[in-house]
Amino acid sequence: MSKPADKTKILEDGLRYKSKVGGSPFMTASNPGAATMSCFLCGKHRPRNELKSRKFIGKSQAVCDPKCS
């Protein structure tokens, strides 16, 4: 089932938000190996060193190691 779409109000000046923090909530590290990825099964973001690859439908996917919680 899909989630219902969030309702937003359009302000008089045409903007939808009074203020919104820019950028991504997932900080990137100085070294690319420390970046986060989402688990294919549970969707949680974890550092790459906490994921392992498993084959699903003929492709390798990143999943939580040892198991999703």
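Right, let's walk through the structure included here.

### So, the pattern of salt bridges
1) Next: Within the structure shown, the criterion is met by 1 salt bridge.
2) Next: Residue E50 is joined to R46 by a salt bridge in which the shortest nitrogen-to-oxygen separation is 3.9 Å.

### Quick look at the pairing of strand β3 (residues 51–56)
1) Next: Relative to strand β4 (residues 59–64), β3 is paired through 6 bridges, and the arrangement is antiparallel. Considered in β4, the bridge of L51 is made with C64.

### Thoughts on the state of the cysteines
A covalent bond between the sulfur atoms of two cysteines is referred to as a disulfide.
1) Next: Across all of its chains, the model carries 0 disulfides by this definition.
2) Next: Lacking any disulfide linkage, C39 is separated from the closest cysteine sulfur, that of C68, by 3.5 Å.
3) Next: Note on C39: relative accessible area 3%, which makes it buried.
4) Next: There is no disulfide at C64, and the cysteine sulfur nearest it, in C39, is 3.6 Å away.

### With respect to unusual backbone geometry
Where the residue is not glycine, phi is negative for most of them; where a peptide bond is considered, it is trans in most cases.
1) Next: For the bond from D65 to P66, the omega torsion is 5°, close enough to zero to count as cis.
2) Next: Here P66 shows up in the segment after β4.
3) Next: Located in the positive-phi region is I57, a residue other than glycine, with phi close to 50°.
4) Next: Inspection of the secondary structure puts I57 in the loop between β3 and β4.

The rules behind each value
Residues numbered from 1 in each chain as written. Predicted model: local features only at pLDDT ≥ 70, side-chain atom pairs only at ≥ 80, totals over all residues. Heavy atoms only, no water. Salt bridge = Lys/Arg side-chain N within 4 Å of Asp/Glu carboxyl O. Pairing = 2+ DSSP bridges. Helix = DSSP H or I, 4+ residues; strand = E, 2+ residues; numbered from the N terminus. Disulfide = S-S within 2.5 Å. Buried < 20%, exposed > 50% of the residue type's maximum accessible area, 1.4 Å probe, protein only.

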